[in-house]
Amino acid sequence: APFFESAFERRRLRLLNAIFVSLERCGMRPSLRGKDPKDFDARVGQENVAFLLDHPGQERNGYSPASDNRRPSSDKLQLRISPHRTDLDGTRLLWEDKDGEPIEKYLQEIVQSIVVVGEIQYRQSEISHHQWLIKRKAGLLEERRREKAEEERKERERQRKAEQSRIDRLLLEANSFRLANDIRDYVDSVRRANAASRDPVASE
């Protein structure tokens, strides 16, 4: 049987059309997501709000689910909003047919909730982005602080090595000076001893 011979599917399509029209009147852009007629999106500002409208627990794989070809319009319909975030300030996300209260009765509330969820998602995304920027800035500042500390440590080490090199050079020069004096004193002593000797050696 054709897909839309099911009274359930015709009812579902009417409700979905009413939701789409109401969303468009509010400036939102509804759309079908994927190839199966089960998942829908509403573009609220910069946010996508996903929702599902179907029989509870219904599994679909294409436009002709055999189990729905004879489903009566009285079968239960359920709409569930699937937000990206969990902290939604108590916003209602689920509607389902009840005795004497078809889901169509809550059309306005459903549309309002989709818009509210989009606004909350946007606000939370902005807050998360702002917090990320703060953390990123703090991370960059900490990284710069560590780099500066490392540069200062290397500069201190360079200065310490340079100072140690100067000290080592001075000690070497002092030792060389003392050694030169010792050699001169030794030569003078030898010359004096040779001059006083009874059998001096040649000066050469």
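Bear in mind the structure is a predicted one, so any value in this text is a computation, not a measurement.

Here we take up the overall build of the protein. The helix and strand inventory of the protein stands at two helices and five strands. Going residue by residue from the N terminus, the α and β elements of the protein occur as α-β-β-β-β-β-α. Within the protein, buried positions represent 26% of all 204 residues. Considering only intrachain contacts with a sequence separation of at least 6, the fraction spanning at least 24 residues in the protein is 59%. As presented, the protein carries roughly 14,500 Å² of accessible surface, and 52% of it is formed by carbon and sulfur atoms.

Attention now moves to the pairing of strand β3 (residues 47-54). Counting buried positions over the eight residues of β3 gives seven, a clear majority of the element. Both strand β2 (residues 39-44) and β3 contribute to a ladder of six bridges, which runs antiparallel. When the bridges of β3 are listed, Ala42 appears paired with Val49. Here β2 folds back onto β3 in antiparallel fashion, the turn holding two residues, of which Gly45 has a positive phi close to 65 degrees.

The subject of this paragraph is the pattern of salt bridges. The tally for this structure, following the rule as stated, stands at 15 salt bridges. Here Glu155 and Arg158 are joined by a salt bridge, their closest N and O atoms 2.6 Å apart. Linking Glu155 with Arg158, this pair stays in helix α2 (residues 107-196), spanning three residues, or about one helical turn. For Glu155, a relative accessible area of 33% translates into the label partly exposed. Take Arg158: its relative accessible area is 48%, and that puts it in the partly exposed class. A cluster of three or more residues bridged by salt bridges with shared partners is formed by Glu9, Arg12 and Asp54.

With that settled, the discussion passes to a nonpolar patch on the surface. A surface patch of nonpolar side chains, amounting to about 470 Å² of accessible area, comprises Leu179, Ile183, Tyr186, Val187 and Val190. Its place among the elements puts Tyr186 in helix α2.

What follows deals with α2. When the terminal C-alpha atoms of α2 are compared, their 132 Å separation across 90 residues agrees well with the 134 Å that a helix rising 1.5 Å per residue should span. Every buried residue of α2 is accounted for by Ile110, Val111, Ser113, Ile114, Val115, Val117, Gly118, Ile120, Gln121 and Gln124. Residues of α2 that are buried in the fold lie against α1 (7-25), β2, β3, β4 (78-82) and β5 (94-96).

Moving on, we come to the packing of aromatic side chains. Taken as a whole, this structure holds two aromatic pairs when the rule is applied. Consider the rings of Phe20 and Phe40, whose centres lie 6.1 Å apart with planes at 85 degrees: the pair is edge-to-face. Remark: Phe40 occurs in strand β2 and Phe20 occurs in helix α1; sequence separation between them is 20 residues. Side by side, Phe20 and Phe40 carry an identical accessibility label, which is buried. Members of the aromatic cluster, joined through ring pairs, are Phe20, Phe40 and Phe51. Taking the ring centre of Tyr106 as reference, the NZ or CZ of Arg92 above it sits at 5.2 Å.

Before going further, it helps to examine the packing of α1 against α2. Following both chains from N to C, one finds α1 and α2 inclined at 50 degrees, their axes separated by 10 Å at the closest point. In terms of their interaxial angle, α1 and α2 are classed as oblique. The handedness of the crossing between α1 and α2 is right-handed. Taking contact as the criterion, the partners of Leu15, Ala18, Ile19, Ser22 and Leu23 in α1 are, on α2, Leu107, Ile110, Val111, Ile114 and Val115. By residue class, the composition of the contact of α1 with α2 is nine nonpolar, one polar and no charged.

The rules we used
Residues numbered from 1 in each chain as written. Predicted model: local features only at pLDDT ≥ 70, side-chain atom pairs only at ≥ 80, totals over all residues. Heavy atoms only, no water. Helix = DSSP H or I, 4+ residues; strand = E, 2+ residues; numbered from the N terminus. Buried < 20%, exposed > 50% of the residue type's maximum accessible area, 1.4 Å probe, protein only. Contact = heavy atoms within 4.5 Å. Areas by Shrake-Rupley, 256 points an atom, 1.4 Å probe, with all protein chains shown as cover. Pairing = 2+ DSSP bridges. Salt bridge = Lys/Arg side-chain N within 4 Å of Asp/Glu carboxyl O. Patch = residues over 30% accessible without salt bridge, like charges linked within 9 Å, V, L, I, M, F, W, Y side chains within 5 Å. Expected span 1.5 Å × (residues − 1). Phe/Tyr/Trp six-rings, centres within 6.5 Å; stacked < 30°, edge-to-face > 60°. Lys NZ or Arg CZ within 6 Å of the ring centre and 35° of its normal. Axes fitted to C-alpha atoms, helices over the stretch in contact; angles between N-to-C directions. Parallel < 35°, antiparallel > 145°, perpendicular 65-115°, else oblique. Left-handed = near helix turned anticlockwise from the far one by under 90°. Nonpolar A, V, L, I, M, F, W, Y, C, P; charged D, E, K, R; others polar.

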